[in-house]
Amino acid sequence: MREPAALETVDVTCTFQVSQGFMKGKKPLRAVNGVSLKIPKGQVVGLVGESGCGKSTLANILLGLQKPTAGDVLYNGQNSATFNRRDVARRIQPIFQDPYSSLNPTKTIKSIISLPLKIHEVGDPSEWDKKVYEMLDIVGLPKRVANSYPSQMSGGQRQRVAIARALIMRPEVVICDEPTSALDVSVQSQILNLLQDLKTELGLTYLLISHNLAVVEHMADRVAVMYLGRIVEEAEADSLFRSPRHPYTRALLDSVLTPDPRLGVPDTHLGAVFPNPIDPPSGCSFHPRCAQCIPICSDDKPSPFVDAGHLTECHLYETEDQRVAAQ
Amino acid sequence: MTKPETILDVQNLKVDIPVSAGVLHPVRGISFSVGRRETLCIVGESGCGKSLTSFSLMGLLPKKAIRTTDKMDFLGTDLSTLSEREMAEIRGGSMAMIFQEPMTSLNPSYTIGNQLEEVYMRHIERNRKAARDRAVYLLEKVGITAARSRLNQYPHQLSGGLRQRVMIAMALMCGPDLIIADEPTTALDVTIQAQILHLLAELQEEFDMGMILITHDLGIVARVADKVQVMYAGKTVEEGPCIDVFDNPLHPYTQGLLRCIPVPGKTRRGQRLGSVPGIVPNLVGDLQGCMFRNRCEYAGAACETMGHQATQAGGGHAFTCTRTLDEARRGLRAVEAA
């Protein structure tokens, strides 16, 4: 039997009731709408999509911070319903985007990093300091910062502290939500290198959420593209970046600005407006912005088509024949 | 090709800010010029002084900051001699700015229409109907549908991309000659970023404007810039035509930055990225020599006392380093004078 994935969602849906205004009724907003995603052990899965597509809600569900309305989350093949919050936190830890707001400014670095040990009552408090120093060493910070406060550190150093805090419990999975987008380019490369080293040293599994496709391509083994609560394309990174299928993925890839001075700014042909998730378009939710829209797109929802591990949810790829015709 | 008419010419701009520990020198003598239809990109990391440079052009520096300059010529007017009242005439009129955060730079308690019309009525004429027509025209120009009904909306009713488009429309209200865009797309999605940059380039062509684009994203710089200026610790370390700087970066800092970014198709997965070790120096007090020396792989004794003379590499491409042009091209250390 194959080893179960470190983290898996099965048809997860998360619906919020959104108020329409004073004295008006509430409407459902499907932030995540039937997502099945596997994160195999030891791999990096990239999750990309525009703001408002449900990436962060999905991350919250995986972290156990948000209960899905429907569907299951499996940790190593076991249903999350059998775990409590603490068990989940032992296995899965987050690294957030903004190291300026994700660290408590009134605590020292030492107490920030050792907090998980305290909460989970791991070992003897006298050993905590040793563990903190060990962690500081792993993330490349000098011992002397242990008694500093976050305000005394630079953005890159703070992100290292956030990484140390996430790793001190030795979790299996780390969910990195835009880990480098608040950082300068030279610091970004240091953090990416660090994440990669830690992955090999500690055998970690990452879910990397980012809108920077160059970063995702550099780090990820598998990539999932999310649009309006659905995963519209998922494949091995090589396959997805070499031969993207969904028109949305292509548009995303086209908008990546590589530092090539001979090319101009690409025209993505995407309309400006990201649809309102409270009132999603009929049929395929991408059809109003799609350059390859065909009549069926506005009426019927496409169903996922899987071919050699490459999932696409688009009417152009629903059957083998259409796939050939579209290429 | 004829050289474009110069709109802005700045020589030796310095900004000093007195702080409790001494005097902070965030901008330490930079020079640049922008022509019509020309895009100058100022690149650098946080704290290199790029935003203060743009604020000092607009006269928006904090009160205690001291600006000195040899020359600050904007269409024949010397900006450094203008009073606050005269500067207010230019600001938003013939020189306009697009800020980084479209969320915070629009006033949440006024409608979009109100804020757009105010600019026009303040600078051109107190005619609300003309102002409204101009606002609708520009909102359509920047790709906003149903422009007339948008005028009655408040900023919170618009998405980030739309707000940035409104900011661009606002900058264009009085037909400026120069646009200063400070990280105009940092807060936006990649797809929207491409659209906004596309739009800016189109509008620049159509309205005959010069543009100063301030960013830390080398991808953007490569795609839109005519000229590039790389700043480090308040100084220009390298400048030149975009193609030359990207093809033959000469300063160790520029070279380091270009090695830091993953490039699809060039960097392999899992491969280590290059990095620029160390951190940005403190700019308080008396600063001597090259400020990059403690992070530089080529640093030598000469770097501690070097002056600010730029080495020319031809075609306007220049860099400030102790290495000679030949040494920089071949990636060698500077030969120490005996």
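Residues numbered from 1 in each chain as written. Chains lettered and ligands numbered in written order. Predicted model: local features only at pLDDT ≥ 70, side-chain atom pairs only at ≥ 80, totals over all residues.

Asker: Give a detailed account of the overall build of chain B, specifying residues and quantitative values.
Answerer: Helices and strands together make up the secondary structure of chain B, namely 11 helices and 13 strands. A compact globule built from 338 residues should have a C-alpha radius of gyration of about 20 Å, and chain B, at 21 Å, falls within 12% of that. By principal-axis analysis of the C-alpha atoms, chain B measures approximately 75 × 50 × 45 Å. Burial analysis of chain B (338 residues in total) assigns 44% to the buried set. Intrachain contacts of chain B at a sequence separation of at least 6 include 65% that bridge at least 24 residues. (Helix = DSSP H or I, 4+ residues; strand = E, 2+ residues; numbered from the N terminus. Rg over C-alpha atoms; globule rule 2.2 N^0.38 Å. Buried ≥ 20, exposed ≤ 12 C-beta atoms within 10 Å, placed from the backbone. Contact = placed C-beta atoms within 7 Å.)

Asker: Talk me through the interface of chain B and chain A; I want residue IDs and the actual numbers.
Answerer: Between chain B and chain A, the contact holds 41 residues from the first and 38 residues from the second. Those elements that place two or more of their residues in the side of chain B that touches chain A are helix 7 (190-207), helix 8 (218-224), helix 9 (242-247) and helix 10 (252-260) of chain B. If one sorts the elements of the side of chain B that touches chain A by residue count, helix 7 of chain B sits on top with eight residues.

Asker: Kindly report on the sheet that holds strand 2 (residues 26-39) of chain A, identifying the contributing residues and their values.
Answerer: Residue and element names in this part refer to chain A. Read across the sheet, four strands follow the order 2-1-4-5 without closing on themselves; strand pairing throughout is antiparallel. Whereas interior strands pair on both sides, the edge strands pair on one side only; in this sheet they are strand 2 and strand 5 (78-79). Here strand 4 (residues 70-75) pairs with strand 5 via two bridges, running antiparallel. Bridging from a neighbouring strand, Tyr75 pairs with Gln78 of strand 5. (Pairing = 2+ DSSP bridges.)

Asker: Can you lay out helix 1 (residues 55-62) of chain A for me, pointing to particular residues and giving the numbers?
Answerer: Residues and elements named next belong to chain A. Among the eight residues that make up helix 1, six are buried, leaving the element largely enclosed by the rest of the structure. Among the residues of helix 1, Lys55, Thr57, Leu58, Ala59, Ile61 and Leu62 are the ones counted as buried. Where helix 1 ends, the next residue or the one after it, Gly64, has phi of about 75°, a positive value.

Asker: How would you summarise the nonpolar core if you had to cite specific residues and measurements?
Answerer: Core analysis: the biggest nonpolar cluster contains 179 residues, and A:Leu62, A:Leu207, A:Leu208 and A:Val225 have the highest contact counts within it. Counting residues per element, this core draws most heavily on helix 6 (residues 160-172) of chain B, at eight residues. Apart from residues lying up to four places away in sequence, A:Leu208 is in contact with A:Val44, A:Val45, A:Gly46, A:Leu47, A:Cys176, A:Val216, A:Met219 and A:Ala220. (Core = buried A, V, L, I, M, F, W, Y, C linked by C-beta atoms within 7 Å.)

Asker: Outline helix 1 (residues 50-58) of chain B, supporting the account with residue identities and numerical values.
Answerer: Here helix 1 of chain B has its buried residues at B:Lys50, B:Leu52, B:Thr53, B:Ser54, B:Ser56 and B:Leu57. Of the residues one or two after helix 1 of chain B, B:Gly59 is the one with positive phi, at around 70°.

Asker: Can you tell me about the sheet that holds strand 7 (residues 95-98) of chain B, naming the residues and giving the values?
Answerer: Residues and elements named next belong to chain B. As summarised here, the arrangement of the eight strands in space is 7-8-9-3-10-11-13-12, forming an open sheet in which the pairing is mixed. Unpaired on one side and paired on the other, strand 7 and strand 12 (311-312) mark the two borders of the sheet. As paired elements, strand 3 (residues 39-43) and strand 9 (residues 210-215) share five bridges and run parallel to each other. Each bridged residue has a counterpart across the sheet, and for Val43 the counterpart in strand 9 is Thr215.

Asker: Tell me what's going on with the environment of A:Thr106, and back it up with residues and numbers.
Answerer: All names here are of chain A. Locating Thr106 in the fold gives a position in the loop between strand 6 (92-95) and helix 3 (109-119). In this structure Thr106 comes out as exposed when scored by C-beta crowding, with 8 C-beta atoms within 10 Å. The spatial distance from the C-alpha of Thr106 to the C-alpha of Tyr149 is 7.1 Å, given a sequence separation of 43 residues.

Asker: So what about the pairing of strand 10 (residues 227-232) of chain B? Which residues, and what values?
Answerer: All names here are of chain B. Taken across its six residues, strand 10 has six buried, putting it largely inside the fold. Neither face of strand 10 is left uncovered, since the one carrying Lys227, Gln229 and Met231 and the one carrying Val228, Val230 and Tyr232 both have all their residues buried. Both strand 3 and strand 10 contribute to a ladder of four bridges, which runs parallel. Opposite Ile42, over in strand 10, you have Gln229 as the bridge partner. Where strand 10 meets strand 11 (residues 235-241), six bridges bridge the pair, whose relative direction is antiparallel. Counted as the bridge partner of Met231 is Thr236 from strand 11. Where strand 10 hands over to strand 11, the hairpin turn is made up of two residues, of which Ala233 adopts a positive phi near 50°.

Asker: Got a sec to walk through the packing of helix 6 (residues 185-202) of chain A against helix 10 of chain B? Specific residues and values, please.
Answerer: Axis angle and axis distance: for two packed helices, these are the angle between their axes and the distance between the axes, and together they describe the pair. Close contact between helix 6 of chain A and helix 10 of chain B brings their axes to 8 Å; oriented N to C, the two are set at 45°. The angle between helix 6 of chain A and helix 10 of chain B falls in the class oblique. Regarding helix 6 of chain A and helix 10 of chain B, the two cross each other, and that crossing is left-handed. Between helix 6 of chain A, through A:Val185, A:Ser186, A:Gln188 and A:Ser189, and helix 10 of chain B, the contact on the second element is made entirely by B:Gly256, B:Leu257 and B:Cys260. (Axes fitted to C-alpha atoms, helices over the stretch in contact; angles between N-to-C directions. Parallel < 35°, antiparallel > 145°, perpendicular 65-115°, else oblique. Left-handed = near helix turned anticlockwise from the far one by under 90°.)

Asker: Please set out the confidence of the model for chain B residue by residue, giving values where relevant.
Answerer: Model confidence for chain B is summarised by a mean pLDDT of 89, while 98% of its residues fall at 70 or above. With a pTM of 0.87, the predicted complex shows an ipTM of 0.83. (pLDDT = per-residue confidence, 0-100.)

Asker: Describe the packing of helix 3 of chain A against helix 4 (residues 125-138) of chain A, and please don't skip the residues or the numbers.
Answerer: All names here are of chain A. It is the contact of helix 3 with helix 4, at a shortest axis distance of 10 Å, that shows an interaxial angle of 115°. One way to sum up the angle between helix 3 and helix 4 is to call them roughly perpendicular. Pair helix 3 / helix 4 crosses with right-handed handedness. Of the residues in helix 4, those in contact with Lys110, Ile113, Ser114 and Leu117 of helix 3 are Trp128, Lys131, Val132 and Met135.

Asker: Describe in detail the environment of B:Leu283, supporting the description with residues and values.
Answerer: Residues and elements named next belong to chain B. Secondary-structure assignment places Leu283 in the loop between helix 10 and strand 12. Using a count of 20 C-beta atoms within 10 Å as the deciding quantity, one classes Leu283 as buried. In sequence terms Leu283 and His25 are 258 residues apart; their C-alpha atoms lie 5.5 Å from each other. Each residue touching Leu283, except ones within four places of it in the same chain, is listed here: Leu24, His25, Pro26, Ala233 and Gly234.

Asker: Talk me through unusual backbone geometry; I want residue IDs and the actual numbers.
Answerer: Working note: non-glycine residues mostly have negative phi, and peptide bonds are mostly trans. A positive phi angle, near 50°, is found at A:Asp11, a position not held by glycine. Along the polypeptide, A:Asp11 turns up in strand 1 (residues 7-19). Positive phi is not limited to glycine here, since B:Ala233 has a value of about 50°. Structurally, B:Ala233 is set in the loop between strand 10 and strand 11.

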